Structure formats: C-alpha cells, structure tokens
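Observations on the model geometry
Given next are the chains, with one letter for each unit.
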Amino acid sequence: MTHEELKTQVQALADAISSNEAVKTFANAWLAAEGTDKQAELTKKLGSIVKQNIALIDETIDFMSSPTAAEIFGQETADSIRTHAEEIKAQGAEFCDCPGCTAAKDIIDHLNEIK
C-alpha cells in the first residue's frame with residue numbers, strides 16, 4: 001500500500017458516517033500531521049485503531065435490529081441496512097461493507113506493508 005493509498009483510506013475513515021468519534025479524531029490527526037514525525041508515530045498505532053472501527057457482519061445485523069439503530073438512522077434506514085447486511089452475509093461476507101469498515105479492512109489487509 002502506497003502512502004497515497006493509505007491516505008485515501010484514512011480520509012475515508014475520517015469521512016465515514018459509520019466511523020466512531022475516536023477513529024474520526026485519530027484519522028483527522030493523522031491527516032493533519034502529513035509528512036511529519038507525528039504522522040509516523042500515529043501510523044504505528046493505526047492497526048489497533050482501525051481494528052476498533054471494523055464491524056463483523058453479525059454485529060451490524062444485531063445493531064441494525066436494535067431500537068438504538070432505529071433512533072439514530074430511522075426505522076426504514078436501519079431496516080434497509082440490516083437487510084443489506086443479511087444479504088451480503090448470505091453471500092459469505094464476514095465484515096460490514098460500509099465505507100468506514102471497508103477502509104478499515106483495506107488497512108488491516110495491508111498492515112504488513114505500512115511503515
């Protein structure tokens with residue numbers, strides 16, 4: 001993974017509505033530190049941070065079935081996301097495929113290339 005590819009994925013974490021606030025804060029700090037020793041230090045922590053942001057597909061289904069999801073997203077949207085998650089699970093998906101989880105998965109898949 002090149003630095004530019006990593007930067008794109010970290011930006012996706014910062015932008016994803018599904019990323020939790022700690023991940024968004026970290027991603028924005030990483031982006032703001034572009035080219036500095038601070039960014040190099042944050043990069044060392046990136047693996048553990050993204051692992052906090054990725055959701056297993058069953059977690060997504062369970063959450064989208066909850067009253068909390070209906071409260072946050074509205075019942076129709078929560079039901080739609082749950083249905084989608086059930087469909088991709090049936091196709092073999094292990095993780096949620098929202099933008100935040102997709103970016104986290106890509107970073108996790110390339111951790112051994114990130115320095």
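Residues numbered from 1 in each chain as written. Predicted model: local features only at pLDDT ≥ 70, side-chain atom pairs only at ≥ 80, totals over all residues. Heavy atoms only, no water.

This part is about a nonpolar patch on the surface. On the surface, Phe-63, Ile-72 and Phe-73 cluster together to form a nonpolar patch covering roughly 260 Å² of accessible area. Along the chain, Phe-73 turns up in helix α5 (residues 67–73). A relative accessible area of 31% places Phe-73 in the partly exposed class. (Patch = residues over 30% accessible without salt bridge, like charges linked within 9 Å, V, L, I, M, F, W, Y side chains within 5 Å. Areas by Shrake-Rupley, 256 points an atom, 1.4 Å probe, with all protein chains shown as cover. Salt bridge = Lys/Arg side-chain N within 4 Å of Asp/Glu carboxyl O. Helix = DSSP H or I, 4+ residues; strand = E, 2+ residues; numbered from the N terminus. Buried < 20%, exposed > 50% of the residue type's maximum accessible area, 1.4 Å probe, protein only.)

The subject of this paragraph is the packing of helix α1 (residues 3–15) against helix α3 (residues 37–53). Here α1 crosses α3 at 50 degrees, and the two axes come no closer than 12 Å. As judged from the angle between their axes, α1 and α3 are oblique. The chirality of how α1 crosses α3 is left-handed. Residue-level inspection shows His-3, Leu-6, Val-10 and Leu-13 of α1 in contact with α3, the latter providing Gln-39, Leu-46, Val-50 and Asn-53. (Axes fitted to C-alpha atoms, helices over the stretch in contact; angles between N-to-C directions. Parallel < 35°, antiparallel > 145°, perpendicular 65-115°, else oblique. Left-handed = near helix turned anticlockwise from the far one by under 90°. Contact = heavy atoms within 4.5 Å.)

Here the focus is the side chain of Ser-19. The topology assignment puts Ser-19 in the loop between α1 and α2 (21–32). Among the polar contacts made by the side chain of Ser-19, one reaches the side chain of Asn-53 at a distance of 3.3 Å. With residues up to four places along the chain from it excluded, the contact list for Ser-19 reads Leu-13, Lys-24, Asn-53 and Gly-100. (Polar contact = N/O pair within 3.5 Å; in protein donor to acceptor, adjacent residues only side chain to side chain.)

What follows concerns the pattern of salt bridges. Inspection of every chain in the model, using the stated rule, returns 5 salt bridges. Taking the shortest distance from any N to any O, the salt bridge between Lys-89 and Asp-58 comes out at 2.5 Å. With Lys-89 in helix α6 (residues 75–90) and Asp-58 in helix α4 (residues 57–64), this pair connects stretches of sequence that are 31 residues apart. Look at Lys-89 and you get partly exposed, because its relative accessible area is 38%. Across the pair Asp-79 and Arg-82 runs a salt bridge, and its minimum N-O distance is 3.0 Å. Of this pair, Asp-79 and Arg-82 both sit in helix α6, 3 residues apart, which is roughly one turn of the helix. Connected via shared salt-bridge partners are Asp-79, Arg-82 and Glu-86.

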